[in-house]
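Chain and residue survey
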Amino acid sequence: SIEAPCPDMGWTESRHRQRYISELKTSNISAHCGVYRDARLPLDDWQKFYLQKSWKTIARNLDKAAIVMFLKLLHDNPDIKANWKELRDLSEADVMTSPYVKYLGERMFDTLDLSIDSLDNLDNIIPILKKLGQMHAE
């Protein structure tokens with residue numbers, strides 16, 4: 001019998017195991033549960049593969065997902081709305097339909113997209129993300 005790479009992850013249905021193994025064979029990923037290839041990225045091959053695969057699903061509806069995510073960010077953290085002069089004086093209803101919210105959400109998701117696509121090139125993406133973080137901290 002074929003074992004799932006991380007049996008403790010709850011992979012009990014054989015259909016899921018078969019799909020995983022099929023995807024693994026076609027993706028050139030060698031899965032080693034708990035083995036990190038780079039200490040800066042605490043994901044093993046299996047986790048990285050499924051992060052990238054899940055992100056592709058989200059990216060298919062990037063524009064809608066970006067708006068929903070940014071609205072949730074504003075809802076869960078109402079004090080950060082003041083960080084954007086374009087949003088400060090808008091009512092909650094106006095924020096929900098604001099083209100600026102769409103723009104901000106898309107920028108946030110573009111950054112996530114670049115980051116997830118660059119998981120195999122950490123030497124390139126980490127300085128970019130550090131600089132972006134510094135710009136937002138100022």
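Check the entry above for the structure.
Since we're looking at a predicted model, the values are computed, not measured.

What counts, and at which threshold
- Residues numbered from 1 in each chain as written.
- Predicted model: local features only at pLDDT ≥ 70, side-chain atom pairs only at ≥ 80, totals over all residues.
- Heavy atoms only, no water.
- Helix = DSSP H or I, 4+ residues; strand = E, 2+ residues; numbered from the N terminus.
- Buried < 20%, exposed > 50% of the residue type's maximum accessible area, 1.4 Å probe, protein only.
- Contact = heavy atoms within 4.5 Å.
- Areas by Shrake-Rupley, 256 points an atom, 1.4 Å probe, with all protein chains shown as cover.
- Core = buried A, V, L, I, M, F, W, Y, C linked by side-chain atoms within 4.5 Å.
- Phe/Tyr/Trp six-rings, centres within 6.5 Å; stacked < 30°, edge-to-face > 60°.
- 1 Å grid on protein atoms, 1.4 Å probe; cavity = no way out; pocket = protein on both sides within 12 Å on 5 of 7 lines; lining within 4 Å.
- Points joined across faces, edges and corners; volume = space filled by probe spheres on them.
- Nonpolar A, V, L, I, M, F, W, Y, C, P; charged D, E, K, R; others polar.
- Expected span 1.5 Å × (residues − 1).
- Polar contact = N/O pair within 3.5 Å; in protein donor to acceptor, adjacent residues only side chain to side chain.

Turning our eyes to something else, we now look at the overall build of the protein chain. From N to C terminus, the protein chain includes 7 helices and 2 strands. Within the span of the protein chain, comprising 138 residues, buried residues form 26% of the whole. In the protein chain, the share of contacts with a sequence separation of at least 24, taken over all contacts with a separation of at least 6, comes to 44%. For the protein chain, the computed accessible surface area is about 9800 Å², with 55% contributed by carbon and sulfur atoms.

Bringing the nonpolar core into the picture now. Formed by Phe-70, Leu-71, Leu-74, Ile-80, Trp-84, Leu-87, Val-95, Val-101 and Leu-104, the largest nonpolar core amounts to 9 residues. Looking at this core, the elements that each hand over two or more residues are helix H3 (62–76) and helix H6 (99–117). In terms of residue count, H3 provides more of this core than any other element does, 3 residues in total. Not counting chain neighbours up to four residues away, the residues in contact with Phe-70 comprise Trp-84, Leu-87, Val-101, Leu-104, Gly-105 and Met-108.

As for its position among the elements, Leu-119 is in the loop between H6 and helix H7 (122–137). As a C-alpha pair, Leu-119 and Gln-52 span 67 residues in sequence and 8.8 Å in three-dimensional space. Residues in contact with Leu-119, not counting those within four places in the same chain, are Leu-41, Lys-48, Leu-51 and Gln-52.

Our focus in this paragraph is the packing of aromatic side chains. Scanning the entire structure with this criterion turns up 5 aromatic pairs. Residues Phe-49 and Tyr-50 carry aromatic rings whose centres are separated by 4.9 Å and whose planes lie at 90° to one another, so their mutual orientation is edge-to-face. Both residues of the pair, Phe-49 and Tyr-50, count as buried. Site record: aromatic cluster; members linked through ring pairs are Trp-46, Phe-49 and Tyr-50.

A volume near 520 Å³ is recorded for the largest pocket. Surrounding the largest pocket, 13 residues form its lining, Phe-70, Trp-84, Leu-104, Arg-107 and His-136 being those nearest its centre. Secondary structure elements with two or more residues in the lining of the largest pocket: H3, H6 and H7. For the lining of the largest pocket, the leading source of residues is H6, giving 5 residues. A per-class count over the lining of the largest pocket returns 9 nonpolar, 3 polar and 1 charged. Reported here for the second largest pocket is a volume of approximately 210 Å³. As for the second largest pocket, its lining consists of Leu-71, Leu-74, His-75, Pro-78, Lys-81, Ser-91, Glu-92, Val-95 and Met-96. Among the secondary structure elements, those contributing two or more residues to the lining of the second largest pocket are H3 and helix H5 (92–96). Counted by class, the lining of the second largest pocket contains 5 nonpolar, 2 polar and 2 charged residues.

Bringing helix H2 (residues 45–59) into the picture now. Under the 1.5 Å per step criterion, the end-to-end length of H2 is 21 Å for 15 residues, consistent within 8% with the ideal 21 Å. Looking only at H2, the buried set comprises Asp-45, Trp-46, Lys-48, Phe-49, Tyr-50, Gln-52 and Trp-55. The N-terminus of H2 is capped by Asp-44, whose side-chain oxygen sits 3.0 Å from the backbone nitrogen of Trp-46.

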